[in-house]
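Below are the chains, spelled out letter by letter.
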Amino acid sequence: MADITRSTTLDDSRYQQNYIWGSFRARYDSDKISISNTFSFISDNQPHADYSGKVLFSSPLFQSTPSLFLNNSNSKSVNPYWNGRFYFDLGRQWQVSLFTNIDYTHNVSNTLYRSDDNEIVTDALENHITLTANGTASKTFCDKHTLGLWFFGAYSHDKVKYTGNTAAAPAFNQYGWAITPSYTFSNRKFNVFLAGGVVAESNTISGIKSNSVIPLAQVNASYSPNDKNQFELSFSYGVKTIDLAEKTPDVLQVNELLWQTGNPLLKNKQTLNLNGEYSLFPNNRFSMSGYAEWYHLSQFIAPVFTPDGPGGTMLRTLQDVGDYDMLSVGVSASLKLFNRSVVLTARPRLIYENLTGIYSHTVVNPGVTLSATYYLKNCYATAYYSTGGKELLEDDNYAIYAANKDYYSLKIGWSNGKWNVNASAINIFRRDWLRQTAWINSRWYDSTTKTYSASSHQFINITASYTFNFGKKIRHGDELQNSSSSSSAIMK
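Small disclaimer: the values here were computed from a predicted structure and weren't measured.

J.: I'd love a proper account of the packing of aromatic side chains, names of residues and values included.
T.: For the structure on display, the rule yields 16 aromatic pairs. Taken together, a centroid distance of 6.1 Å and an interplanar angle of 65° make the contact between tyrosine 295 and tyrosine 324 edge-to-face. Separated by 29 residues along the polypeptide, tyrosine 295 in strand S14 (residues 286–297) and tyrosine 324 in strand S17 (residues 324–337) bring together distant segments of the chain. On the basis of relative accessibility, which here comes to 15%, the residue tyrosine 295 falls in the buried class. Their ring planes at 25° and their centres at 6.5 Å tell us that tyrosine 408 and phenylalanine 429 sit as a pair that is stacked. With a gap of 21 residues between them, tyrosine 408 in strand S23 (residues 407–415) and phenylalanine 429 in the loop between strand S24 (419–426) and strand S25 (434–441) connect regions that are remote in the sequence.

Below, the structure written as structure tokens:
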């Protein structure tokens, strides 16, 4: 089998997004009851996500000179949702809380890829609804011991209709629930939290059924021998869910040589996390902490490419390719000067990542995050810098490894009891648009992709918020935020 290299160069691009978000919250608070209902609406219109350039193939099956290509995409999304939060203090140290959500999304996307000899049209219409509820009930004894019960339930239905070169209509139905009893002990020096339970999920995807049951466990412990030292240790055994789009059973064409599909048999991934931290507070001007964290993922889902597409072209699917481990160690230090009007922070770190299986690879990435903030009455200014570096991509459908650019910003702001205004200069000295370079190397398919983004180029961001006081209990800083949990099953 002969190698074929497909190379593209970018000549022009255009991106436009019109985003509207509005929210209304009705809230009641008393000494023993808190009820909040939030109704929100998002309209996300992206009329242009277009790029064009030249494409060249190394095979005699294609013309020997570069040809022009374009890839034009547009999408519209309408997303109304409701969040309810209910808290009740029942007396005798009984407490009950409930969080509910109804989230509906209507998505329309259209993609056109065109070169000299090809035209690929992929249009998608999607309707998605999710209902979730989770809550806790707890009882405290002797002011030190607390027994609790956490429960969770969710239902999701998603219907996608593809038209264009490929006609398909995958349907997704998901049910999930979890229950976790817990115990908490707390006194002046010790805090211990123990929890264990189970999470279950049932999926039906275009008639293909799968079920999973995974145990849950969590342990958190802290010890403070005095007000200057603290030791913390945490362990968790949990689950990471699979996106709906990754389970799509249908096959869609991407370009002249590549097709894509999902894997409806993918199951939720099991995770292990262990974290230890020591904090030092010698005085009210300086603090420092050191930490070490280990994260293990037993099912690393990654793209796999085989020549099983139409006419022997490449077919990308998603499979469990091995185990993933991440070890991170670092230090965080904060220093306050000039009567706390200047705050300096530094967070050096070292991250070690290892992946086993067909993409076996190790990445060692040292880095640092620095910030300096100056406060003057109601005004402040913050300078921020964070290094980039290499990483393994846990949730990418076309690459395994990536190298990211660094990030820096200068932010100034002003606030009073009602107004909160700030302006940021992001990457102000950077003239290029490159955000990330990602690649994958496999038996049948190698790829290097450069991602260009407006957020990596120099830009200025200005935000302002105003809080209306309709009652007696208004807390500044409690402004409404976008809390939609909407997801999409449309393959990208």
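J.: Quick one: what's the story with empty space enclosed by the protein, residue by residue and with numbers?
T.: Counted by the stated rule, this structure contains three cavities of 30 Å³ or more. Roughly 70 Å³ of internal volume is contained in the largest cavity. In this structure, the largest cavity is lined by Phe57, Phe62, Gln63, Ser67, Ser115, Asp116, Asp117, Asn118 and Glu256. Looking at the lining of the largest cavity, its residues break down into two nonpolar, four polar and three charged.

J.: How would you sum up the environment of aspartate 117? Please name residues and give values.
T.: Positionally, aspartate 117 belongs in the loop between strand S4 (94–114) and strand S5 (119–141). Considering only alpha carbons, one finds aspartate 117 and leucine 131, 14 residues apart in sequence, at a separation of 46 Å.

J.: Account for the nonpolar core, with residues named and values stated.
T.: By size, the foremost hydrophobic cluster in this structure holds 19 residues, and its most contacted members are Phe300, Phe305, Tyr324, Leu355, Tyr359, Leu392 and Ile400. Put simply, the parts of the chain that give this core at least two residues each are S14, strand S15 (301–306) and S17. Grouped together as the second largest cluster of nonpolar side chains are 11 residues, Ala168, Phe172, Leu252 and Ala489 included.

J.: Which residues make up the sheet that holds strand S16 (residues 314–320), and what values go with them?
T.: Across the sheet, which stays open at both edges, the four strands sit in the order S11-S12-S16-S15 with mixed pairing between neighbours. The open sheet terminates on both sides in strands that have one partner only, identified here as strand S11 (252–253) and S15. Alignment of strand S12 (residues 258–260) against S16, held across three bridges, turns out to be parallel. Across the sheet, the residue bridging to glutamine 260 is arginine 316, located in S16.

J.: Give me the pairing of S17: which residues, what numbers.
T.: Two strands pair when backbone bridges link them, and S14 and S17 are joined in this way by 12 bridges, in the antiparallel orientation. In the strand pairing of S17, leucine 297 is matched with tyrosine 324. If you look at the hairpin formed by S17 and strand S18 (residues 342–355), you'll find four residues sitting between the two strands, and phenylalanine 338 has a positive phi there, around 50°.

J.: Provide a residue-level description of unusual backbone geometry, including the pertinent values.
T.: Backbone geometry places lysine 377, a non-glycine residue, at a positive phi of 55°. With respect to the element layout, lysine 377 can be found in the loop between strand S19 (361–376) and strand S20 (379–386). For asparagine 427, which is not glycine, the phi dihedral falls at a positive 45°. When you line up the elements, asparagine 427 lands in the loop between S24 and S25. Judged by its relative accessible area of 1%, asparagine 427 is buried.

J.: Residue-level account of a nonpolar patch on the surface, with values.
T.: Together, Leu194, Val219, Leu233, Phe235, Leu274, Trp294, Leu327, Val329, Leu350, Tyr352 and Val364 make up an exposed nonpolar region whose accessible area comes to about 880 Å². For the nonpolar patch, the secondary-structure elements that each account for two or more residues are strand S10 (229–240), S17 and S18. Examined against the element boundaries, leucine 274 turns out to sit in strand S13 (residues 269–280).

J.: For the side chain of threonine 146, give the residues involved together with the corresponding values.
T.: Relative to the helices and strands, threonine 146 resides in strand S6 (residues 145–164). Only 3.1 Å separates the side chain of threonine 146 from the side chain of threonine 140, close enough to count as a polar contact.

J.: Can you lay out the pattern of salt bridges for me, pointing to particular residues and giving the numbers?
T.: Pairing is possible between side chains of opposite charge, provided their charged atoms come close. Evaluation of the coordinates by the stated rule reveals 10 salt bridges. A salt bridge links arginine 27 to aspartate 29; the shortest N-O distance between them is 2.9 Å. For aspartate 395, the salt bridge is made with lysine 240, and the minimal N-O distance between the two is 3.1 Å. Placement of the pair is aspartate 395 in the loop between strand S21 (389–392) and strand S22 (401–404) and lysine 240 in strand S10, with a sequence separation of 155 residues.

J.: Pulling in residues and values, what's your account of the sheet that holds S22?
T.: Sheet strands pair via backbone hydrogen bonds, and the direction of the pair is either parallel or antiparallel. Ordered by their spatial adjacency, four strands build an open sheet running S21-S22-S25-S26, and the pairing between neighbours is antiparallel. Edge positions in the sheet fall to S21 and strand S26 (446–452), since each has one partner strand and no second. Averaged over all neighbouring strand pairs, the angle between strand axes comes to 20°, with direction disregarded. Of the pairings in the sheet, the one linking S21 to S22 comprises four bridges and is antiparallel in character. Of the residues in S22, the one forming a bridge with lysine 390 is alanine 403.

Conventions adopted
Residues numbered from 1 in each chain as written. Predicted model: local features only at pLDDT ≥ 70, side-chain atom pairs only at ≥ 80, totals over all residues. Heavy atoms only, no water. Phe/Tyr/Trp six-rings, centres within 6.5 Å; stacked < 30°, edge-to-face > 60°. Helix = DSSP H or I, 4+ residues; strand = E, 2+ residues; numbered from the N terminus. Buried < 20%, exposed > 50% of the residue type's maximum accessible area, 1.4 Å probe, protein only. 1 Å grid on protein atoms, 1.4 Å probe; cavity = no way out; pocket = protein on both sides within 12 Å on 5 of 7 lines; lining within 4 Å. Points joined across faces, edges and corners; volume = space filled by probe spheres on them. Nonpolar A, V, L, I, M, F, W, Y, C, P; charged D, E, K, R; others polar. Core = buried A, V, L, I, M, F, W, Y, C linked by side-chain atoms within 4.5 Å. Pairing = 2+ DSSP bridges. Patch = residues over 30% accessible without salt bridge, like charges linked within 9 Å, V, L, I, M, F, W, Y side chains within 5 Å. Areas by Shrake-Rupley, 256 points an atom, 1.4 Å probe, with all protein chains shown as cover. Salt bridge = Lys/Arg side-chain N within 4 Å of Asp/Glu carboxyl O. Polar contact = N/O pair within 3.5 Å; in protein donor to acceptor, adjacent residues only side chain to side chain. Axes fitted to C-alpha atoms, helices over the stretch in contact; angles between N-to-C directions.

In short, geometric facts, not functional conclusions.
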